[in-house]
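If you want the building blocks of each chain, they are given just below.
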Amino acid sequence: MAGLRQLVASGLSVPQTVEVAGPDSLKALSETLAAADDAAIAEWVVRVDAPPHKRFSISGGMAPAAGVPDLLRVHWARWQDSGYGLLVQRKLVRACDGIALRTATGHIVIEVQDDRPGNFFRDGSTPRRWILRDGACLGVEVLSQHALGQLLAALAALPVASCIEWVLTPDDRLHFVDLKPLPQDYLADADPFAGAVCQPLRCGEVTGTAYASAPAGQGQPCIHIGRSTHVDLLPELGPCSRAVVFTGGGLLSHAAVYAALCTIPVLICTPGHLPQLSPGAVGTLVIGSAGHHFEEAP
């Protein structure tokens, strides 16, 4: 909810969103949704405001206004002791949707699913990427000049490395549905060219053991390897995580973003580019603007 509040405070267009206080608020919520324009045909999305490693294992669900209270009751019965929050947000008719970020080095990174299969936000698939720098456009244009102007204005109104999720409606207007403030060095050293073999999301040097799947209760410094940016990695990230090396996916996907929020180095790298970094290998991984390498411990 903090990200939505920041979007609103910055004067950006946000779909109608209601923070649900608890079961006693259902009557007032029903009246609010019923009073919305086109309430008879509108759908509402229930979002669970929970820590990242939990949020993506919970399906909030979607319902017309009349069905939202019952959907909320199901969530309260399941999560009433967790302290998680619940939000109800109007679902917009979408022409397309995506994620964007302005880096500390002046790049504008835009990713969309477009007509490609999958859902790069969550499942590790590869999005269509558009990077702008100093007037140059790299990749395939995904927005009209009118919509791009709205996006650039929004990014300029927010701090560097604000990762914003947006929806483009058929009338060529952008609406913003979430914001995650990332470390300011996020993507600062990324290579804007689409053919880049590796993309450093956060640079750094770490020592640990490489794991394709970290065991529960892992107590040793761990370098997570061997997966695309799928959200199923998130429950494995913890105090012993030292770095993540993804095999592919979106630079702004949920898994990549939340790995960076753990303040550890993160890299997306083509399989085979770091052959020494295999499961069980122990050593030092360097992710840097000038290159990346792994040196096994003697």
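Relevant structure appears above.
Description of the structure in this document. Please read these numbers as outputs of a predicted model, since none were measured by experiment. (Residues numbered from 1 in each chain as written. Predicted model: local features only at pLDDT ≥ 70, side-chain atom pairs only at ≥ 80, totals over all residues. Heavy atoms only, no water.)

### Comments concerning the overall build of the protein chain
For step 1, the next point in the chain: Along the backbone of the protein chain there are seven helices and 17 strands.
For step 2, the next point in the chain: Dimensions along the principal axes, computed over C-alpha positions, put the protein chain at roughly 65 × 50 × 30 Å.
For step 3, the next point in the chain: With an accessible surface of roughly 13500 Å², the protein chain has 53% of that area assigned to carbon and sulfur atoms.
For step 4, the next point in the chain: Across the protein chain, 21 positive and 28 negative side-chain charges occur, with their mean positions spaced 3 Å apart. (Helix = DSSP H or I, 4+ residues; strand = E, 2+ residues; numbered from the N terminus. Areas by Shrake-Rupley, 256 points an atom, 1.4 Å probe, with all protein chains shown as cover. Lys, Arg positive; Asp, Glu negative; His and termini not counted. Charge placed at Lys NZ, Arg CZ, Asp CG, Glu CD.)

### What to know about the packing of helix α2 (residues 26–34) against helix α4 (residues 68–79)
For step 1, the next point in the chain: At a closest axis distance of 10 Å, the pairing of α2 and α4 adopts a crossing angle of 145°. Crossing geometry of α2 relative to α4 is assigned as right-handed. Here Leu26, Leu29, Ser30 and Leu33 of α2 lie close against α4, whose contacting residues are Val68, Pro69, Leu72, Arg73 and Trp76.
For step 2, the next point in the chain: Of the residues in the contact of α2 with α4, the class split is seven nonpolar, one polar and one charged. (Axes fitted to C-alpha atoms, helices over the stretch in contact; angles between N-to-C directions. Left-handed = near helix turned anticlockwise from the far one by under 90°. Contact = heavy atoms within 4.5 Å. Nonpolar A, V, L, I, M, F, W, Y, C, P; charged D, E, K, R; others polar.)

### Let's talk about the nonpolar core
For step 1, the next point in the chain: Core analysis: the largest hydrophobic core is formed by 30 residues, its most contacted members being Tyr186, Leu187 and Phe246.
For step 2, the next point in the chain: Looking at this core, the elements that each hand over two or more residues are β5 (96–102), α5 (120–123), β14 (241–246), α7 (254–261) and β15 (266–269).
For step 3, the next point in the chain: Top element by residues in this core is α7. It accounts for six residues.
For step 4, the next point in the chain: Ignoring anything within four residues of it in the chain, the contact list for Phe246 reads Arg227, Ser228, Thr229, Leu233, Ala255, Ala256, Ala259, Val266, Leu267, Ile268 and Cys269. (Core = buried A, V, L, I, M, F, W, Y, C linked by side-chain atoms within 4.5 Å. Buried < 20%, exposed > 50% of the residue type's maximum accessible area, 1.4 Å probe, protein only.)

### What to know about the state of the cysteines
Covalent bonding between the sulfur atoms of two cysteines is what defines a disulfide.
For step 1, the next point in the chain: Inspection of every chain in the model, using the stated rule, returns one disulfide.
For step 2, the next point in the chain: One disulfide bridge connects Cys198 with Cys269, the sulfur atoms lying 2.2 Å from each other. Of this pair, Cys198 sits in strand β11 (residues 198–202) while Cys269 sits in strand β15; the two residues are 71 residues apart in sequence, bridging distant segments of the chain.
For step 3, the next point in the chain: The exposure class of Cys198 is buried, given its relative accessible area of 10%.
For step 4, the next point in the chain: As a non-bridged cysteine, Cys262 has Cys222 as the owner of its nearest cysteine sulfur, 12 Å distant.
For step 5, the next point in the chain: On the basis of relative accessible area, Cys262 is assigned to the partly exposed category, the value being 35%. (Disulfide = S-S within 2.5 Å.)

### Topic: the packing of aromatic side chains
For step 1, the next point in the chain: For the structure on display, the rule yields one aromatic pair.
For step 2, the next point in the chain: Ring geometry for Phe120 and Phe121: centres 4.7 Å apart, planes at 40°, overall tilted. Each member of the pair, Phe120 as well as Phe121, is classed as buried. (Phe/Tyr/Trp six-rings, centres within 6.5 Å; stacked < 30°, edge-to-face > 60°.)

### Quick look at unusual backbone geometry
For step 1, the next point in the chain: Positive phi is not limited to glycine here, since Ala161 has a value of about 65°.
For step 2, the next point in the chain: For Ala161, the location among the structural elements is in the loop between α6 (145–156) and β9 (162–168).
For step 3, the next point in the chain: Its relative accessible area of 0% is what places Ala161 among the buried residues.
For step 4, the next point in the chain: Unlike most non-glycine residues, Thr263 shows phi in positive territory, near 55°.
For step 5, the next point in the chain: Among the structural elements, Thr263 can be located in the loop between α7 and β15.
For step 6, the next point in the chain: For Thr263, a relative accessible area of 58% puts it in the exposed group.

### Some thoughts on α4
For step 1, the next point in the chain: Look at α4: 16 Å from first C-alpha to last across twelve residues, which is about the 16 Å you get at 1.5 Å a residue.
For step 2, the next point in the chain: Those residues of α4 that sit buried are Val68, Pro69, Leu71, Leu72, His75 and Trp76. The buried residues of α4 occupy one face: seen down the axis, they fall within an arc of 155°. Pointing more than 90 degrees away from the buried face of α4 are the exposed residues Ala77 and Arg78. (Expected span 1.5 Å × (residues − 1). Arc of directions from axis to C-beta.)

### Some details on the pattern of salt bridges
For step 1, the next point in the chain: Inspection of every chain in the model, using the stated rule, returns eleven salt bridges.
For step 2, the next point in the chain: Of the charged contacts, one joins Asp178 and Lys180 as a salt bridge, the two residues approaching to 3.7 Å between their closest N and O atoms. This pair shows no difference in class: Asp178 is buried, exactly as Lys180 is.
For step 3, the next point in the chain: For Arg227, the salt bridge is made with Asp232, and the minimal N-O distance between the two is 3.4 Å.
For step 4, the next point in the chain: Looking at Arg227, the relative accessible area reads 16%, which means it is buried.
For step 5, the next point in the chain: Through salt bridges that share partners, Arg47, Glu165, Asp178 and Lys180 make up one connected network. (Salt bridge = Lys/Arg side-chain N within 4 Å of Asp/Glu carboxyl O.)

### Topic: α6
For step 1, the next point in the chain: In this model α6 runs 16 Å from its N-terminal to its C-terminal C-alpha over twelve residues, within 8% of the 16 Å that 1.5 Å per residue would give.
For step 2, the next point in the chain: Among the residues making up α6, those that are buried are Ala147, Leu148, Leu151, Ala154 and Leu155. Projected down its long axis, α6 shows its buried positions confined to an angular sector of 125°, all on one face. Pointing more than 90 degrees away from the buried face of α6 are the exposed residues Gln145 and Ala156.
For step 3, the next point in the chain: Check the buried side of α6 and you find it contacts β5, β6 (108–112), β7 (128–133), β9 and β10 (174–181).

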